[in-house]
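# Architecture and fold: a report
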Protein chains: 2
Amino acid sequence: MAAKQDPEALAAARPLLTDLYQVTMALGYWRAGRAHDPAEFELFFRQCPFGGSFALAAGLRDCVRFLRAFRLRDAGTPWPARRSPSLRPGGSPPRCSRPSPHGPLSPPPDVQFLASVLPPDTDPAFFQHLRALDSSGVTVRALPEGSLAFPGVPLLQVSGPLLLVQLLETPLLCLVSYASLVATNAARLRLIAGPEKRLLDLGLRRAQGPDGGLTASTYSYLGGFDGSSNVLAGQLRGVPVVGTLAHSFVTSFSGTEVPPDPMLAPAAGQGPRVDLTTCVEAWLERVCAHLGLGVQDPHPGERAAFVAYALAFPRAFQGLLDTYSVRRSGLPNFLAVALALGELGYQAVGVRLDSGDLLQQAQEIRGLFRTTAAQFQMPWLESVPIAVSNNIDEEELARLAQEGSEVNVIGIGTSMVTCPRQPSLGCVYKLVSVGGQPRMKLTEDPDKQTLPGSKAAFRLLGSDGSLLLDVLQLAEEPPPQAGQELRIWPRGARESCLVRPAQVEPLLHLWVQQGQLCKPLPSLAESRAFAQLSLSRLSPAHRRLEQPALYQVALSEKLQALVHRLRAGASL
Amino acid sequence: MAAKQDPEALAAARPLLTDLYQVTMALGYWRAGRAHDPAEFELFFRQCPFGGSFALAAGLRDCVRFLRAFRLRDAGTPWPARRSPSLRPGGSPPRCSRPSPHGPLSPPPDVQFLASVLPPDTDPAFFQHLRALDSSGVTVRALPEGSLAFPGVPLLQVSGPLLLVQLLETPLLCLVSYASLVATNAARLRLIAGPEKRLLDLGLRRAQGPDGGLTASTYSYLGGFDGSSNVLAGQLRGVPVVGTLAHSFVTSFSGTEVPPDPMLAPAAGQGPRVDLTTCVEAWLERVCAHLGLGVQDPHPGERAAFVAYALAFPRAFQGLLDTYSVRRSGLPNFLAVALALGELGYQAVGVRLDSGDLLQQAQEIRGLFRTTAAQFQMPWLESVPIAVSNNIDEEELARLAQEGSEVNVIGIGTSMVTCPRQPSLGCVYKLVSVGGQPRMKLTEDPDKQTLPGSKAAFRLLGSDGSLLLDVLQLAEEPPPQAGQELRIWPRGARESCLVRPAQVEPLLHLWVQQGQLCKPLPSLAESRAFAQLSLSRLSPAHRRLEQPALYQVALSEKLQALVHRLRAGASL
């Protein structure tokens, strides 16, 4: 069975990570003889997140991984490995609606669990049908990851047997919505920060669930961040990982500790090893004199922690400055260690601030770096990167990225991963055709009406390559032609209009056909580059983060006519 | 290896689900000869979420599961099962800082990945140390799940070898913060809804990452919800699962479909089988006449969908009313099917509304249920439960739960799982002692200062059993005694005061000692009941959701003195 061979698939989504109503509907379709009816669903959002005018499409790689591993576990196919009874603490057996025949120590297999929550007289043939399900009948068209996405334009089109593609709804929504939200959030933060600042995701501990952390780190990188603190995202997804030290490392030292080996060889490898501790104490005197401080001012535990870190990472020494007092302790201790290392040919790689006015402190620290560099003739010290963190949101980021800021590296946690301005993209997955016939939800709430029919989507561009608008049309219509006039119905408008695109790009690519991947997915780094390219083609009025111009999505005449026909047919 | 035997542990958190700085600090500790120094960390939050005065502690069961499976994978120990190369689509190999010797198709094992991101000249003995790590040296005291938790009072105390307990920081924060946030959110929603309404978590598709959905469903149940749509939460955690049908099921039917078997036997099992379709059409005429509608008004596809669902679930028929028009289509179609079933002795179990003014529609529908029940002498129809969903938040819930509301079941998605009022609890994990010596972070930001020392925590109660306040004291102090006067320092106050508790409860229980579970964890349902009991003991002034009275946390005299001494020692 595929799922048991892919620990990542296990971690990301499994077939039962779904709403129960998908299963009850599956039984309904099956009972109605409609399990195999060919159906198509579209996954899209209705409104751009964060008050902006765009989103970035993301999550496709997780959908593909999920689909390829899709298979319900049966009683004969155990968990990837039988859990040992000792692993589940007593008293917390999983409980389900009826007593599990699988003992209190392991959860029931998928099919047996579903049987336990469906009516007891459910036809056993239905479970046979479930057992045989895999993604071999599923076809997926989708926006490439990193594409700009707009309201109503499908991020995914999923077609296949009705029962199966219905079952896929919740996991696909789960995998696409948050990934796209995070990528969009990262793209906004990148637009605010500009291209030069290094942006780091530090949000793992603030993530909504462990896998939320992995998803956030993966797709914040796709959206334009430079790296993440999340080691698992490095291991599983190839995201560049970063990290140095926390306050606990600093407070764990009192200054009385004796390093077992305080000796350090010069960076070039030649010359005698030097006692770094002694060397740092000597530099401390010079630094304190230069800064006008007493040598008793800097905290000895903080200095011992810095020395310990420098001994472990002489080529990557970084100081966390605000455990005690930045000005009187963190900074002189850092400088003493950095200069001692400098004498040995090592260059410190940075300092980090995690409290207070980050912009102002960065200015002061840069000033002191400059005078100290000049005083001790260590010119590299001038440009040691200054990293900051501490509840940074869009507003604070704008301040830190302003002209003349001395901040080089910005770590963002909570507002990166939880997207507090809008914590959900609100994607939906709607049936648009079944048995070749278009379907439409005609609820009295006009915002919740859907666009019927199997569709194609195109992006129309001007002669300068900038985006004009997106057009949705029926799949059977010929694509719009560059240079030819086209009549369209902008969504929400009462009248049609004409547009003459200089270029036309099809938006939805065929990725999975009958369960087979048709072409390689781009790497995460390629999708990241594509996202930045996509954003660069958006006009400034649309790219603006506050009160942007709305990007237009339009319907072809035929699609518009179909909507009218179905509405009229249902009006009573 | 333990991890490979526990698919749930795999799904929840793995050792590398951590910030890289935990690993770089580990190397720093190791290089400083301090890997085995006995250390203690506390996990707590600084402010109650959502502007309330309480939180619920949750996530301990996931921490225990994580700890017991904690082990870094080494090159010799493969993934739970070797992934097959065909499972990873071409073009998206994981990339890490240096080329992986493990081929492009499988991620490097934990230890090898860490080696790839640490300096190339790192002492191999450090990796030997990592290979041998497990939780056998770790001791955990914690608030029982479902306990009330207040700012600064540890949810978890984790002690063990410095290097190891430092490494645990991020995953433990990940597992506790969101679980506690969700449980607290659910508890607030339960307080608003009152004890009678059924509250259901429908948020899986809006969750921030797949595991976010599993965590949310588990801990919303702990916090007071009645069930979840999330099948996986039922399978793995025993959460009661619920679900019926979506709009796509309804729109998938046009009315021209012919059910392969429209025959249904009476509920009692005796008597001839009846053609439900024919029966429903006959009832439709009577219902439409009663409601003053034409028989052409109700959508035939919607009715076909209801019939299909009723054939699959005759004992659990529920109608989703708002795919077309509630009043003119959904309701008459539901009534026709429900009454046809009623004739056969089956009682419909509910209707659901997912758009529009839910409260007002529920009133109207209840009214029509009553007149229809009387008209056709089907008294059970009067009390068919009315379920509602659609972006329900605290304000809308209060409206739906008001006196006289006819809503019985309330499904909450986005605002349950994403906790939009505050999407992160902001827990921290701070070093309080190392080598038996108290440690304190003395940053210039007073909000970020920590309380030093290994501590005990007690809840003081009045003679009526109501909560007075929590006291933190040093672990070596004797516990407060019921009936005896105690001098305490309320946090933030400049003066001490006296309190005489009628009862005293120790807050932190020993769960894991040297890696062994000491006593069974309560079941999820037991923790759920404990949460409701805990809330009932909180005074109304503290339980109030808006502008509540702040619950006091105080320090013992000795702890207060220690804080003063350490502050004075560091003041420069």
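Just so it is clear, the model here is predicted, and its values are computed rather than measured. (Residues numbered from 1 in each chain as written. Chains lettered and ligands numbered in written order. Predicted model: local features only at pLDDT ≥ 70, side-chain atom pairs only at ≥ 80, totals over all residues. Heavy atoms only, no water.)

## A word on helix H12 (residues 300-312) of chain B
Applicable threshold: Labels follow the DSSP assignment, with helices taken as runs of H or I lasting at least four residues and strands as runs of E lasting at least two, numbered in each case from the N terminus. In a helix, the anticipated span is given by 1.5 Å times the number of residues less one. Buried, partly exposed and exposed residues are distinguished by accessible area as a fraction of the type maximum, computed with a 1.4 Å probe on protein chains only: under 20%, between the cut-offs, and over 50%, respectively. Only heavy atoms enter the contact rule, under which two residues are in contact if any of them lie within 4.5 Å.
Over its 13 residues, H12(B) runs 18 Å from end to end, which matches the ideal 18 Å to within 8%, given 1.5 Å per residue. Along H12(B), 12 of the 13 residues are buried, which leaves the element largely enclosed by surrounding structure. The set of residues buried in H12(B) consists of Gly301(B), Glu302(B), Arg303(B), Ala304(B), Ala305(B), Phe306(B), Val307(B), Ala308(B), Tyr309(B), Ala310(B), Leu311(B) and Ala312(B). On its buried face, H12(B) sits against helix H2 (20-31) of chain A together with helix H10 (247-251), strand E8 (263-264), helix H11 (276-291), strand E10 (318-320) and helix H13 (326-343) of chain B.

## Concerning the packing of aromatic side chains
Each aromatic ring pair is described using two quantities: the centre-to-centre distance and the angle formed by the ring planes. All names here are of chain A. Note the following rule: Aromatic rings from Phe, Tyr and Trp, taking only the six-membered ring of Trp, are treated as a pair when their centres fall within 6.5 Å; an angle between ring planes under 30 degrees marks them as stacked, one over 60 as edge-to-face, and anything in between as tilted.
Tallied over the full model, the rule gives 26 aromatic pairs over all chains. Between Phe150 and Tyr551 the ring centres are 3.7 Å apart and the planes differ by 15 degrees, which places this aromatic pair in the stacked class. Of this pair, Phe150 sits in the loop between strand E4 (148-149) and strand E5 (156-161) while Tyr551 sits in the loop between helix H18 (540-543) and strand E23 (552-556); the two residues are 401 residues apart in sequence, bridging distant segments of the chain. Summarising the burial analysis for this pair, Phe150 and Tyr551 share the class buried. Measuring from centroid to centroid gives 6.0 Å for Phe249 and Tyr309, while their planes differ by 85 degrees, and the two rings are edge-to-face. Of this pair, Phe249 sits in helix H10 (residues 247-251) while Tyr309 sits in helix H12 (residues 300-312), and the two are 60 residues apart along the sequence.

## Observations regarding the interface of chain B and chain A
Interfaces are often sized by the accessible area lost when the parts come together. Stated formally: As used here, buried area is the combined drop in accessible area, with a 1.4 Å probe, of two parts when they are placed together. A carboxyl oxygen of Asp or Glu within 4 Å of a side-chain nitrogen of Lys or Arg is what we treat as a salt bridge. Here a polar contact is taken to be a pair of N or O atoms separated by no more than 3.5 Å, where protein atoms must pair a possible hydrogen donor with a possible acceptor and residues adjacent in sequence count only if both atoms sit in side chains.
Across the boundary between the two partners, chain B contributes 148 residues, which contact 148 residues of chain A. Both sides of the chain B and chain A interface together cover about 12200 Å² of buried area, and 57% of this is carbon and sulfur. Contact with chain A buries surface across chain B, with Arg205(B), Gln208(B) and Gln235(B) losing the most and accounting together for 7% of the total. Where chain B meets chain A, there are four salt bridges. For the salt bridge of Asp19(B) with Arg205(A), the shortest nitrogen-to-oxygen distance reads 2.9 Å. Taken together, the connections running from chain B to chain A amount to 38 residue pairs in polar contact (both at pLDDT 80 or more). Per-element accounting of the side of chain B that touches chain A gives the leading share, 10 residues, to helix H2 (residues 20-31) of chain B.

## Looking at the state of the cysteines
Definition in use: When two cysteine sulfur atoms lie within 2.5 Å, the pair is treated as a disulfide.
For the structure on display, the rule yields zero disulfides over all chains. Left without a disulfide partner, Cys279(A) is nearest to the cysteine sulfur of Cys288(A), which lies 15 Å away.

## Digging into the pattern of salt bridges
Following the criterion strictly, the structure yields 52 salt bridges over all chains and no others. Arg352(A) is the salt-bridge partner of Asp354(A), the closest N and O atoms lying 3.9 Å from each other. For the residue pair Asp354(A) and Arg352(A), the accessibility class agrees, reading buried in each case. Between Arg190(B) and Asp226(B) there is a salt bridge; the shortest N-O distance is 2.7 Å.

## A short note on the environment of Leu425(B)
Residue and element names in this part refer to chain B. In this structure, Leu425 sits in the loop between helix H16 (414-417) and strand E14 (428-434). In this structure Leu425 comes out as buried when scored by relative accessible area, which is 4%. Considered as a pair, Leu425 and Pro438 are 13 residues apart in the sequence and their alpha carbons are 26 Å apart.

## Quick look at the sheet that holds strand E3 (residues 139-142) of chain A
Residues and elements named next belong to chain A. Applicable threshold: In short, DSSP must find at least two bridges between two strands for them to pair. Note on geometry: axes are C-alpha line fits, over the in-contact stretch for helices, and angles between N-to-C directions span 0 to 180 degrees.
Strand order in the open sheet made by the seven strands is E15-E14-E1-E5-E3-E21-E22, with antiparallel pairing throughout. Where the open sheet ends on each side, the last strands, each with one partner, are strand E15 (437-438) and strand E22 (516-517). Note: strand E1 (residues 38-44) against strand E14 (residues 428-434), six bridges, orientation antiparallel. Following the sheet pairing, Glu42 is matched in E14 by Lys430. Against the sheet, helix H7 (residues 169-193) engages E1, E5 and E14, with an angle of about 135 degrees to E14.

## Comments concerning the UniProt feature "domain: Nicotinate phosphoribosyltransferase N-terminal" (unreviewed entry) in chain A
The criterion, for reference: UniProt positions are given in the numbering used here, feature names are shortened, and annotations may be inferred rather than shown by experiment.
With numbering aligned to this structure, UniProt lists the feature "domain: Nicotinate phosphoribosyltransferase N-terminal" (unreviewed entry) at residues 16-79 and 110-177 of chain A. Split by type, residues 110-177 of chain A is 47% helix and 18% strand. Its first and last C-alpha atoms lie 25 Å apart.

## Observations concerning the pairing of strand E6 (residues 198-201) of chain B
Residue and element names in this part refer to chain B. Convention followed: If the strands point away from the viewer and the path from the first strand over the helix to the second runs clockwise, then the crossover is right-handed.
One ladder, built from four bridges, connects E6 with strand E13 (residues 409-412); its direction is parallel. Within the sheet, the bridge partner assigned to Leu200 lies in E13 and is Gly411. Relative to strand E7 (residues 227-228), E6 runs parallel, the two sharing two bridges. Counted as the bridge partner of Leu200 is Gly227 from E7. Taken together, E6, helix H8 (residues 210-223) and E7 form a β-α-β motif whose crossover is right-handed.

## Quick word on the packing of H2(A) against helix H5 (residues 124-132) of chain A
Residues and elements named next belong to chain A. Applicable threshold: Orientation is classified from the angle alone, with under 35 degrees giving roughly parallel, over 145 giving roughly antiparallel, 65 to 115 giving roughly perpendicular, and any other angle giving oblique. In a left-handed crossing the near helix is turned counterclockwise from the far helix by less than a right angle, and in a right-handed crossing that turn is clockwise. Under the scheme applied here, ten amino acids are nonpolar (Ala, Val, Leu, Ile, Met, Phe, Trp, Tyr, Cys and Pro), four are charged (Asp, Glu, Lys and Arg), and all others, including Gly, are polar.
Packing of H2 against H5 leaves a shortest axis separation of 11 Å and a crossing angle of 115 degrees. Looking at the two axes, H2 sits roughly perpendicular to H5. Read as a crossing pair, H2 and H5 show a hand that is right-handed. Contact with H2, carried on its side by Val23, Ala26, Leu27 and Trp30, involves Ala125, Phe126 and His129 of H5 and no other residues of that element. Each residue belonging to the contact of H2 with H5 can be placed in one class, and the counts come to six nonpolar, one polar and no charged.

## Side note on the relation of the copies chain B and chain A
Definition in use: Copy-to-copy alignment: least squares on C-alpha atoms, limited to residues at pLDDT 70 or above in both.
In screw terms, the move from chain B to chain A is a rotation of 180 degrees and a rise of 0.0 Å along the axis, fitting with an RMSD of 0.0 Å. Seen this way, the second copy is the image of the first under a two-fold rotation axis.

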